[in-house]
Amino acid sequence: MNIQKIMVIGAGQMGSGIAQVCAMAGFQVILHDMKQDIAEKGLSFIQKQLQRQVEKGKLSEQDKVKTLQRLTPSASIEDAKEVDFIIEAVIEKMEVKTSLFKQLDTLAPEQVILATNTSSLPITEIAAATNRPDRVIGMHFMNPVPVMKLVEIIRGLATSDEVYQQIEDLTKKLNKTPVEVKDFPGFVSNRILMPMINEAIFTVYEGVAEPEAVDEVMKLGMNHPMGPLTLADFIGLDTCLYIMETLHEGFGDDKYRPCPLLRKYVKAGWLGKKSGRGFYQYS
């Protein structure tokens, strides 16, 4: 199938980033959200990101204009009828994703591949909500999408070889590096990353060290570009908790038990950078 027009569902940070890289790669892109103003806000975010690239000399003004011309904000899910490929980047809740995929299955032409940017939820379960499980696949981008090269491509139980190959080829056209991963809780990235972040939180919870010290050890001692607690604040502590709960439930192993301090911060509304406070305070 020749993919020319892509629909990205969810105009938050991840969805906007995915829409940006698709448009920069030459695809026509519909950036959809439930409300028109949210979709337009996502488009405005992309515009700012592209302008920064122009100011840094990494993108020409002409390429910026061409990229923006390929982007259309939308609040109509009916647009799914007019596209060649759909990727969702909505909230990380199974009931929301399965409901959306059930709806997309009735709207999108039968040959259209439905991809999810989930960071930890089972692709097989999402695919089961449709009548095309062979054409459902995981396409997990890293944040920030325009910068990070990796895309984890996750096959569901029924995902066909043909669909996998098409998505691998598409990923390369987006100037990203595809890595094939099996459908297990957390895939590879979050199965390794989140327990490390959780352990860093336990280190603070047990009074071993302050957040600044934990981050400094990992940056200077392990050559990490960012400390795990700073990274947790950037990801969002609510997202970290949700992924840890998914791992804990999926594997039934207490080594994935979320730290009580993580739960406490989320209950307090200390979600990290997006709320102004997490392990650090942000103005």
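Since we're looking at a predicted model, the values are computed, not measured.

Considerations on the sheet that holds strand E6 (residues 136–141)
No. 1: Read across the open sheet, the eight strands follow the order E3-E2-E1-E4-E5-E6-E7-E8; overall the sheet is mixed. The open sheet has two edge strands, strand E3 (71–74) and strand E8 (177–181), and neither has a second partner. In this sheet, adjacent strand axes meet at a mean angle of 25 degrees when their direction is disregarded.
No. 2: Where helix H4 (residues 94–107) meets the sheet, it contacts strand E1 (5–9), strand E4 (85–88), strand E5 (113–116) and E6, and its direction lies at approximately 165 degrees from that of E5.

Thoughts on the pairing of E6
No. 1: Of all six residues that make up E6, six are buried, and the element is covered over most of its length.
No. 2: Pairing of E5 with E6, which is carried by three bridges, proceeds in the parallel orientation. Note that in E6 the partner of Ala-115 across the bridge is Ile-137.
No. 3: Inspection of the sheet shows E6 paired to strand E7 (residues 150–155) by five bridges, in the antiparallel sense. By the bridge assignment, Phe-141 is partnered in E7 with Val-151.

As for the environment of Arg-70
No. 1: For Arg-70, the location among the structural elements is in the loop between helix H3 (61–69) and E3.
No. 2: For the pair Arg-70 and Met-24, spaced 46 residues apart in sequence, the C-alpha to C-alpha distance is 8.5 Å.
No. 3: Once residues lying within four places of it in the same chain are set aside, the contact partners of Arg-70 are Ala-23, Met-24, Gly-26, Phe-27, Gln-28 and Val-29.
No. 4: Only 2.7 Å separates the side chain of Arg-70 from the backbone oxygen of Ala-23, close enough to count as a polar contact.

Overview of the packing of aromatic side chains
Aromatic rings in a pair are described by how distant their centres are and how their planes are angled relative to each other.
No. 1: Throughout the structure, instances matching the rule amount to five aromatic pairs.
No. 2: Each residue in the set Tyr-265, Trp-270 and Phe-279 is aromatic and connected to the rest through ring pairs, giving one cluster.
No. 3: Stacked on the ring of Trp-270, the Lys or Arg Arg-277 has its end atom at 3.7 Å from the ring centre.

Topic: the packing of helix H1 (residues 13–24) against helix H2 (residues 36–55)
No. 1: At a minimum axis distance of 9 Å, the contact between H1 and H2 shows a crossing angle of 60 degrees. Regarding the angle of H1 to H2, the classification is oblique. The interaxial crossing formed by H1 with H2 has right-handed handedness. Contacts between H1 and H2 involve Gln-13, Ser-16, Ala-19, Gln-20 and Met-24 on the former and, on the latter, Gly-42, Phe-45, Ile-46, Gln-49 and Leu-50.
No. 2: Tallied by class, the residues present in the contact of H1 with H2 amount to five nonpolar, five polar and no charged.

Some words on the UniProt feature "domain: 3-hydroxyacyl-CoA dehydrogenase C-terminal" (unreviewed entry) in the chain
No. 1: Under the feature "domain: 3-hydroxyacyl-CoA dehydrogenase C-terminal" (unreviewed entry), the UniProt entry names residues 186–282.
No. 2: Along residues 186–282 one finds 62% helix and 0% strand; the C-alpha atoms at either end are 28 Å apart.

Considerations on the environment of Phe-279
No. 1: Within the secondary structure, Phe-279 sits in the segment after helix H11 (260–267).
No. 2: Residue classification places Phe-279 among the buried positions, given a relative accessible area of 9%.
No. 3: When the C-alpha positions of Phe-279 and Phe-187 are compared, they lie 26 Å apart, and in sequence the two are 92 residues distant.
No. 4: With near-sequence residues (within four places) excluded, Phe-279 lies in contact with Ile-201, Pro-211, Leu-229, Asp-233, Leu-237, Leu-261 and Tyr-265.

Here's the deal with the pattern of salt bridges
No. 1: Throughout the structure, instances matching the rule amount to 11 salt bridges.
No. 2: Salt-bridge contacts for Glu-245 lead to Arg-263; the nearest nitrogen and oxygen are separated by 2.8 Å. On the criterion of sequence distance, the pair formed by Glu-245 in helix H10 (residues 237–251) and Arg-263 in helix H11 is long-range, its members being 18 residues apart.
No. 3: Each of Glu-88, Glu-92 and Lys-97 takes part in one network of salt bridges that share partners.

Thoughts on the nonpolar core
No. 1: Of all hydrophobic cores here, the largest spans 36 residues; its most connected members are Phe-85, Met-139, Phe-141 and Ile-167.
No. 2: For this core, the element with the most residues is H1, which contributes six residues.
No. 3: Those residues in contact with Phe-141, other than ones at most four positions away along the chain, are Met-14, Ile-18, Val-21, Ile-87, Asn-117, Leu-150, Val-151 and Leu-174.
No. 4: Core analysis: the next-biggest nonpolar cluster, separate from the first, contains 23 residues, Val-83, Phe-101, Ile-126 and Phe-187 among them.

Some words on a positive patch on the surface
No. 1: A cluster of basic residues, Lys-41, Lys-48, Arg-52, Lys-56 and Lys-58, forms a positive patch on the protein surface.
No. 2: Structurally, the position occupied by Lys-56 is in the loop between H2 and H3.

Considerations on the pairing of strand E2 (residues 28–32)
No. 1: Judged by how many residues are buried, E2 sits mostly within the fold: four of five residues are covered.
No. 2: Bridging between E1 and E2 involves five bridges; their strand directions are parallel. Across the sheet, the residue bridging to Val-8 is Leu-31, located in E2.
No. 3: For the crossover from E1 across H1 to E2, the handedness is right-handed.
No. 4: Note that E2 and E3 share four bridges and pair parallel. The residue of E3 that forms the bridge with Ile-30 is Thr-72.

Conventions we followed
- Residue positions are given per chain, counting from 1 as you read along its sequence in written order.
- Residues qualify for local features only when their pLDDT is at least 70, as the model is predicted, and side-chain atom pairs are given and counted only at 80 or more; totals for whole chains, interfaces and linings, by contrast, use all residues.
- The basis for every side-chain value is the complete set of non-hydrogen atoms in the structure, without hydrogens or water.
- When DSSP finds two or more bridges between two strands, those strands count as paired.
- Only DSSP runs of H or I covering at least 4 residues are called helices, and only runs of E covering at least 2 are called strands; the numbering of each starts at the N terminus.
- Angular values range over 0 to 180 degrees, each being the angle between N-to-C directions of two axes fitted as lines to C-alpha atoms, with helices fitted over their stretch in contact.
- Between two residues, a contact is recorded if the distance between any of their heavy atoms is within 4.5 Å.
- With a 1.4 Å probe rolled over the protein chains alone, any residue whose accessible area is under 20% of its type maximum counts as buried; one over 50% counts as exposed, and the rest are partly exposed.
- Distance and chemistry together define a polar contact, namely a pair of N or O atoms within 3.5 Å, with one atom able to donate a hydrogen and the other to accept it when in protein, and with adjacent residues in sequence counting only for side-chain atoms on both sides.
- To pair, rings of Phe, Tyr and Trp, with the six-membered ring standing in for Trp, must have centres within 6.5 Å; the planes then decide the type, stacked if under 30 degrees apart, edge-to-face if over 60, and tilted in the middle.
- A ring is scored as having a charge over it whenever the NZ atom of a lysine or the CZ atom of an arginine sits within 6 Å of its centre and within 35 degrees of its normal.
- Just so you know how the angles are binned, under 35 degrees is roughly parallel, over 145 roughly antiparallel, 65 to 115 roughly perpendicular, and the rest oblique.
- By convention, the crossing between two helices is left-handed when the near helix turns anticlockwise from the far helix through less than a right angle, and right-handed when the turn is clockwise.
- Basically, the charged four are Asp, Glu, Lys and Arg, the nonpolar ten are Ala, Val, Leu, Ile, Met, Phe, Trp, Tyr, Cys and Pro, and anything else, Gly included, counts as polar.
- UniProt positions are given in the numbering used here, feature names are shortened, and annotations may be inferred rather than shown by experiment.
- By definition here, a salt bridge exists when the distance from a side-chain nitrogen of Lys or Arg to a carboxyl oxygen of Asp or Glu is within 4 Å.
- Here, the term nonpolar core denotes a set of buried Ala, Val, Leu, Ile, Met, Phe, Trp, Tyr and Cys residues that are joined through side-chain atoms within 4.5 Å.
- Nonpolar side chains (Val, Leu, Ile, Met, Phe, Trp, Tyr) are joined into patches within 5 Å and like charges within 9 Å, using only residues with over 30% relative accessible area and no salt bridge.
- Surface accessibility in these figures is a Shrake-Rupley result with a 1.4 Å probe; residues are shielded only by whichever protein chains are displayed.
- Residues scored as positive are Lys and Arg, those scored as negative are Asp and Glu, and His as well as the terminal groups of each chain are ignored.
- Charge positions are represented by NZ for Lys, CZ for Arg, CG for Asp and CD for Glu.
- Throughout, right-handed denotes a crossover for which the path from the first strand over the helix to the second runs clockwise when the strands point away from the viewer.

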